[in-house]
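Examination of the molecular architecture
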Amino acid sequence: MKYKHFDEIEPNHNTNFTMLYFAACRSLRELQVAIRKTNGGKLTFRQAWLLRRIQRKLAQMAALWKNAT
């Protein structure tokens, strides 16, 4: 999967941060469930660490956004 660089992303005035935050959290939860299904109900330490890392970064982004507004 190829990601766009932060500077290449055009502004979108049709969405708000709160909606995007909760959508990202739902997607993370769905990803966790899909991984658990393939692993017999368990996550490896690395998989759990990576999912927590992404969630922590989302929380940091939310905190930064709240400070800016």
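Predicted model, so just to flag it, every value in this text is computed and none were measured.

**Topic: the overall build of the protein**
- Helix and strand counts for the protein come out as two helices and zero strands.
- Its C-alpha radius of gyration of 15 Å places the protein more than 25% over the 11 Å reference for a compact globule of 69 residues.
- Overall, the protein is about 40 × 25 × 20 Å in size when its C-alpha atoms are taken along their principal axes.
- Looking at the protein residue by residue over its 69 residues, the buried ones come to 12%.
- Where the 13 positive side-chain charges of the protein centre and where its 4 negative ones centre are 18 Å apart.

**Thoughts on the environment of Lys66**
- Relative to the helices and strands, Lys66 is located in helix α2 (residues 45-68).
- On the basis of relative accessibility, which here comes to 60%, the residue Lys66 falls in the exposed class.
- In sequence terms Lys66 and Arg46 are 20 residues apart; their C-alpha atoms lie 30 Å from each other.

**Remarks on the environment of Val33**
- Along the chain, Val33 falls in helix α1 (residues 17-38).
- According to the relative accessible area criterion, Val33 is partly exposed, its value standing at 34%.
- Once the C-alpha coordinates of Val33 and Leu43 are considered, the two residues, ten residues apart in sequence, prove to be 9.5 Å apart.

**Examining α2**
- For α2, built from 24 residues, the straight-helix expectation of 34 Å at 1.5 Å per residue is met to within 8% by its first-to-last C-alpha distance of 35 Å.
- Listed in full, the buried residues belonging to α2 are Ala48, Leu51, Leu58 and Ala62.
- Along its buried surface, α2 packs onto α1.

Cut-offs applied
- Residues numbered from 1 in each chain as written.
- Predicted model: local features only at pLDDT ≥ 70, side-chain atom pairs only at ≥ 80, totals over all residues.
- Heavy atoms only, no water.
- Helix = DSSP H or I, 4+ residues; strand = E, 2+ residues; numbered from the N terminus.
- Rg over C-alpha atoms; globule rule 2.2 N^0.38 Å.
- Buried < 20%, exposed > 50% of the residue type's maximum accessible area, 1.4 Å probe, protein only.
- Lys, Arg positive; Asp, Glu negative; His and termini not counted.
- Charge placed at Lys NZ, Arg CZ, Asp CG, Glu CD.
- Expected span 1.5 Å × (residues − 1).
- Contact = heavy atoms within 4.5 Å.

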